[in-house]
Amino acid sequence: MNKTLKFLWINFLWFLFSIPVITIGGATSAAIYVSLKLAGKDNLSADDSLSAKELFKLFFKSFKENFLQGIAALIFSAITMGLTGFVWYKIIDNDIYNIFILFIVVICTLVIVSMNCYVYSMIAHYKNSFVNFMKNSVAVTFTFYKWSLKMSFFVILELCVLAFLFWLNPFAGIISLIFWPSTIFFAVSNYSAKTFYQLENPPVYEEDAEEELDASFGNSNLKTDKEKGEAIVANLRSKLGN
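So, here's what we can say about the structure. (Residues numbered from 1 in each chain as written. Predicted model: local features only at pLDDT ≥ 70, side-chain atom pairs only at ≥ 80, totals over all residues. Heavy atoms only, no water.)

1. Points about the overall build of the chain
Test applied: Segments assigned H or I by DSSP are reported as helices when at least four residues long, segments assigned E as strands when at least two residues long, and all are numbered from the N terminus. Note on exposure labels: buried denotes an accessible area under 20% of the residue type's maximum, exposed denotes more than 50%, and partly exposed covers the range between, all computed with a 1.4 Å probe on protein chains only. Calculation of accessible area relied on Shrake-Rupley with a 1.4 Å probe; when residues are assessed, cover is drawn exclusively from the protein chains displayed.
Along its length, the chain carries 11 helices and 0 strands. Reading the chain from its N end, one meets helices and strands in the order α-α-α-α-α-α-α-α-α-α-α. When each of the 242 residues of the chain is scored for burial, the buried share is 38%. Total accessible area computed for the chain in this model is approximately 13600 Å², and 69% of it derives from carbon and sulfur atoms.

2. A word on the layout of surface pockets
Our working definition: Using a grid of 1 Å spacing that covers the protein atoms alone, one calls a set of points a cavity when a 1.4 Å probe fits there but cannot get out, and a pocket when the set is open and has protein on both sides within 12 Å along at least five of seven lines; lining residues are those with an atom within 4 Å of a point. Grid points are joined across faces, edges and corners, and a volume is the space filled by probe spheres set on the points. Gly counts as polar in this scheme, as do all residues outside two lists: the nonpolar Ala, Val, Leu, Ile, Met, Phe, Trp, Tyr, Cys and Pro, and the charged Asp, Glu, Lys and Arg.
Taken as a whole, the largest pocket spans an internal volume of roughly 530 Å³. In terms of lining, the largest pocket is formed by 19 residues, of which the most central are Thr-28, Tyr-120, Val-155, Leu-159 and Ile-184. Secondary-structure elements contributing two or more residues to the lining of the largest pocket are helix H2 (24-38), helix H4 (67-93), helix H5 (99-125), helix H7 (145-168) and helix H9 (180-200). Partitioned by chemical class, the residues of the lining of the largest pocket number 16 nonpolar, 3 polar and no charged.

3. Focus on the packing of H2 against helix H3 (residues 52-65)
The criterion, for reference: Convention adopted: a line fitted to C-alpha atoms gives each axis, helices being fitted over their contacting stretch, and angles between N-to-C directions are expressed from 0 to 180 degrees. Reported orientations rely on four angle classes, namely roughly parallel under 35 degrees, roughly antiparallel over 145, roughly perpendicular from 65 to 115, and oblique for the rest. By definition, any crossing whose near helix is turned counterclockwise from its far helix by less than a right angle is left-handed, and any crossing with a clockwise turn is right-handed. By the convention used here, residues are in contact when the closest approach between their heavy atoms is within 4.5 Å.
Interaxial distance between H2 and H3 falls to 8 Å at its minimum, and their mutual angle equals 135 degrees. Here H2 lies oblique to H3, going by the angle between them. Crossing of H2 against H3: the hand is right-handed. Residue-level inspection shows Gly-26, Ala-27, Ser-29, Ala-30, Ala-31, Tyr-33, Val-34, Lys-37 and Leu-38 of H2 in contact with H3, the latter providing Leu-55, Leu-58, Phe-59, Lys-61, Ser-62 and Phe-63. Considering only residue class, the contact of H2 with H3 consists of 10 nonpolar, 3 polar and 2 charged.

4. Considerations on H2
We count it as follows: One less than the residue count of a helix, multiplied by 1.5 Å, gives the span that helix is expected to have.
With 15 residues, H2 should cover 21 Å at 1.5 Å per step; its first-to-last C-alpha distance of 21 Å lies within 8% of that length. Burial analysis of H2 places 13 of its 15 residues in the buried class, the great majority of the element.

5. Quick notes on unusual backbone geometry
Even without being glycine, Val-21 reaches a positive phi, approximately 70 degrees. Tracing the sequence through the fold places Val-21 in the loop between helix H1 (3-17) and H2. Assessed through its relative accessible area of 52%, Val-21 is described here as exposed.

6. Topic: the packing of aromatic side chains
Quick note on the threshold: Two rings from Phe, Tyr or Trp (for Trp, the six-membered ring) form a pair when their centres sit within 6.5 Å of each other. Planes less than 30 degrees apart are called stacked, planes more than 60 degrees apart edge-to-face, and all others tilted.
On inspection of all chains with the given rule, the structure shows 17 aromatic pairs. Between the aromatic rings of Phe-17 and Phe-56, the centroid separation amounts to 6.3 Å while the plane-to-plane angle is 50 degrees, which identifies the pairing as tilted. Here Phe-56 lies in helix H3 and Phe-17 lies in helix H1, a separation of 39 residues in the sequence. Of the residues examined, Phe-17 reaches a relative accessible area of 15% and is grouped as buried.

7. Some thoughts on a nonpolar patch on the surface
For clarity, the threshold we go by: For patch detection, residues must exceed 30% relative accessible area and be free of salt bridges, and they are connected within 9 Å for like charges or within 5 Å for nonpolar side chains (Val, Leu, Ile, Met, Phe, Trp, Tyr). For this analysis, a salt bridge means a side-chain nitrogen from Lys or Arg found within 4 Å of a carboxyl oxygen belonging to Asp or Glu.
Taken together, the side chains of Leu-5, Leu-8, Phe-171, Ile-175, Ile-178 and Phe-179 present a nonpolar region at the surface, about 550 Å² in accessible area. Contributing elements (two or more residues each) for the nonpolar patch: H1 and helix H8 (170-176). Along the chain, Phe-171 turns up in helix H8. A relative accessible area of 58% means that Phe-171 is categorised as exposed.

8. Structural notes on the pattern of salt bridges
Where charged atoms of side chains with opposite charge meet at close range, the side chains can pair. Tallying each qualifying case throughout the model produces 2 salt bridges. Of the charged contacts in the structure, one is a salt bridge between Lys-61 and Glu-65, with a shortest N-O distance of 3.5 Å. Taken together, the residues Lys-61 and Glu-65, both in helix H3 and 4 residues apart, mark about one turn of the helix. Owing to a relative accessible area of 43%, Glu-65 belongs among the partly exposed residues under this scheme. Overlapping salt bridges bring together Lys-61, Glu-65 and Lys-127 as one network.

9. A few points about the side chain of Ser-62
Looking at where Ser-62 falls in the secondary structure, it is placed in helix H3. Residue classification places Ser-62 among the buried positions, given a relative accessible area of 2%.

As structure tokens, this is what we get:
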């Protein structure tokens, strides 16, 4: 079974376990958990040899273990994404085109989407309380803001394309659901894997390299900035749990 078929299988499992609706959160964290196993470069535990049966076992294991936190995540997503959608509806409905307001709303939207993505990824990968997952999703979003913004952009783009397909032709939209959620899981797992890898494997700095960089750039604050960065990452690692 190649990787494409595996993601389609994950997609099917997600739909199957989401039928009761209230289980969507648990199914999403389970889908991301399995997707993390199949993520590409810099993944924590990439395994391309997993069979469909093994993927199902991993999916069900994560679903069962994170069921309650999945419900909490679903409520969190419903509130945050619902409010975000409501704000955008009001902006469009009232023809608000103020650049400053739009800029603030766009940034807030990207942050909220990133937080939601990280919450499910952290539930899938770490053991912690849901309150801490929410706090850490904010910290990780701003600490690794480049990856977070890219992840949010791709997720929003994929959701917009899906909405456009439904608007264009409902039948085409329904057919696209065969593979579309799996593309979102892949994007989230790919960027989450990079972030978690960086958290769990911080870069090692050589003293000679630091001195050489200081001398080359004349930056006396380089080491201080590096230490601040290391402190942030160390603090996050201690809060994330294992």
